[in-house]
Amino acid sequence: MKIPNRIQPLVDDGLIDNVLQRLKSGKEADVYTVMCGDKVQCAKVYKEASQRSFKQAVQYQEGRKVRNSRSTRAMQKGSKFGRKQQEEVWHTAEVDALFRLAKAGVRVPEPYMCLDGVLLMELVTDAEGAVAPRLSDVILSEQEALTDFATMIRNIVRMLCAGIVHGDLSEFNVLQDEHGPVIIDLPQAVDAAANNHAESMFERDVNNITAYYGQFAPQILETRYAKEIWQLFEDGKLTPETVLTGLFVEEVHAVDMDSLLDEIISAEDEYYDRQRAAKERDEE
């Protein structure tokens, strides 16, 4: 096939020998299979900001660190240099996340390098060596769903322990190889501690995965892993080996309205008493 313009420099440098086919055209990138020597790899070509249909980039970029203050100021001003730096941050976010998650034991494609907006990484395949299907295209038995859901929850816990929330996790961002689910598509991954939207994104991620596997094993729909895991994380008690129950009971505190009103009235009385005392002192 014709070599895409963004991949051509990698071909010229001998990093890629040939482009085989386009696997996917997504909201933030196009994905191709490529030959690198005698090995088939995956090349993810990120789209420019003007071409991306990912609408909530600002929420996902909150808390991301850049190399220096000059870059930070330029990004805030929206200058040409700042926009270039913003693109670089967007491109490298997935690479950084993939390396961190692989080290943490999360099942993700192995990253190799990212150059000029093109990420080279492992091609995830099935037992026959074909490109692994997306989870959305897979039909599971009840037992398979229970097993793979437990695997996904454990991987989500490992992600959070590594300080990362996927931010866009669903059956469309998971591949199914012969060993189970593999998490993909992480350019929008957020810092769990530095992003104010991390909790809501985490809950949405877990709920999406719960809803998918719940199609095949309805008992999964009764679990409340999102709130249980996040509470453990906030309390500093979450580890990759933490035993989970899938249960969560929110604390409900009854409000004593009479006592609350008494406190408000008492506070008002004290305020006016201080005002009168101050006025009397001024008149003396």
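Before any of the text, the structure's been laid out above.
Quick summary incoming for the structure in this document. (Residues numbered from 1 in each chain as written. Predicted model: local features only at pLDDT ≥ 70, side-chain atom pairs only at ≥ 80, totals over all residues. Heavy atoms only, no water.)

1. A few points about the pattern of salt bridges
A full pass over the atoms with the stated rule returns seven salt bridges. The partner of K44 in a salt bridge is D185, and the shortest N-O contact between them spans 2.9 Å. Residue K44 is found in strand β3 (residues 39–46), and its partner D185 is found in the loop between β8 (180–183) and β9 (190–191); the two are separated by 141 residues along the sequence. Exposure class is identical for K44 and D185. Each is buried. (Salt bridge = Lys/Arg side-chain N within 4 Å of Asp/Glu carboxyl O. Helix = DSSP H or I, 4+ residues; strand = E, 2+ residues; numbered from the N terminus. Buried < 20%, exposed > 50% of the residue type's maximum accessible area, 1.4 Å probe, protein only.)

2. Focus: the sheet that holds strand β1 (residues 18–25)
Taken in spatial order, the five strands make up an open sheet running β1-β2-β3-β5-β4, and their pairing is antiparallel. In this open sheet, the two strands that pair with only one neighbour each are β1 and β4 (111–115). Taking each pair of neighbouring strands and ignoring which way they run, the sheet shows an average axis angle of 25 degrees. Sheet topology note: the β1/strand β2 (residues 29–36) ladder contains six bridges and is antiparallel. Paired with Q21 across the two strands is T33, which belongs to β2. (Pairing = 2+ DSSP bridges. Axes fitted to C-alpha atoms, helices over the stretch in contact; angles between N-to-C directions.)

3. Description of the packing of helix α5 (residues 142–161) against helix α7 (residues 225–234)
Each packed pair of helices is defined by two parameters, the angle between the axes and the distance between the axes. As a packed pair, α5 and α7 sit with axes 11 Å apart at the nearest point and diverge in direction by 30 degrees. For the element pair α5 / α7, the angle class is roughly parallel. As α5 runs across α7, the sense of the crossing is right-handed. Contacts between α5 and α7 involve F149, I153, V157 and L160 from the first element and Y225, I229, W230 and F233 from the second. (Parallel < 35°, antiparallel > 145°, perpendicular 65-115°, else oblique. Left-handed = near helix turned anticlockwise from the far one by under 90°. Contact = heavy atoms within 4.5 Å.)

4. A closer look at the pairing of β2
Of all eight residues making up β2, seven are buried, and the element is well covered by its neighbours. Here β1 folds back onto β2, and the loop between the two strands holds three residues. Summarising the sheet, β2 and β3 pair through eight bridges and their orientation is antiparallel. Within the sheet, the bridge partner assigned to C36 lies in β3 and is K39. If you look at the hairpin formed by β2 and β3, you'll find two residues sitting between the two strands, and G37 has a positive phi there, around 70 degrees.

5. Considerations on the side chain of Q176
Looking at the secondary structure, you find Q176 in strand β7 (residues 174–177). Residue Q176 is classed as buried on the basis of its relative accessible area, which comes to 12%. There is a polar contact of 2.8 Å between the side chain of Q176 and the side chain of D148. If sequence neighbours within four positions are ignored, Q176 has contacts with A132, P133, L135, V138, L140, D148 and P181. (Polar contact = N/O pair within 3.5 Å; in protein donor to acceptor, adjacent residues only side chain to side chain.)

6. Points about a nonpolar patch on the surface
Taken together, the side chains of M257, L260, L261, I264 and I265 define a hydrophobic patch exposed on the protein surface, amounting to about 450 Å² of accessible area. Positionally, M257 belongs in helix α8 (residues 257–283). The exposure class of M257 is partly exposed, given its relative accessible area of 48%. (Patch = residues over 30% accessible without salt bridge, like charges linked within 9 Å, V, L, I, M, F, W, Y side chains within 5 Å. Areas by Shrake-Rupley, 256 points an atom, 1.4 Å probe, with all protein chains shown as cover.)

7. Observations concerning the environment of L15
Note on placement: L15 falls in the loop between α1 (8–12) and β1. On a C-alpha basis, the gap between L15 and M35 in space is 9.1 Å, while along the polypeptide they are 20 residues apart.

8. Remarks on the nonpolar core
One finds L160, V165, L186, F202, I209, Y213 and I229 to be the most contacted residues of the largest nonpolar core, which totals 50 residues. Those elements that place two or more of their residues in this core are β2, β3, α4 (80–103), β5 (118–121), α5, β6 (164–165), α6 (198–214) and α7. Looking at this core element by element, the count peaks at eight residues for α5. Dropping the residues within four chain positions of it, I229 is found in contact with I153, V157, L160, F202, L238 and L244. Formed by 12 residues, the second largest nonpolar core is a distinct cluster that contains I7, Y32, V34 and L120. (Core = buried A, V, L, I, M, F, W, Y, C linked by side-chain atoms within 4.5 Å.)

9. Digging into the packing of aromatic side chains
In total, this model carries six aromatic pairs according to the counting rule given. Seen in terms of ring centroids, Y212 and F216 are 5.4 Å apart; in terms of plane orientation they differ by 70 degrees. Their pairing is edge-to-face. Of the two residues examined, Y212 and F216, each falls in the buried class. Plain terms: the ring middles of W230 and F233 are 5.0 Å apart, the flat faces sit at 50 degrees to each other, and that makes the pair tilted. With W230 and F233 both in helix α7, this residue pair falls three residues apart, about one helical turn. Taking relative accessible area as the criterion, W230 reaches 7% and is therefore assigned buried. An aromatic cluster is built from F149, Y212, Y213, F216 and Y225, whose rings are joined through pairwise contacts. (Phe/Tyr/Trp six-rings, centres within 6.5 Å; stacked < 30°, edge-to-face > 60°.)

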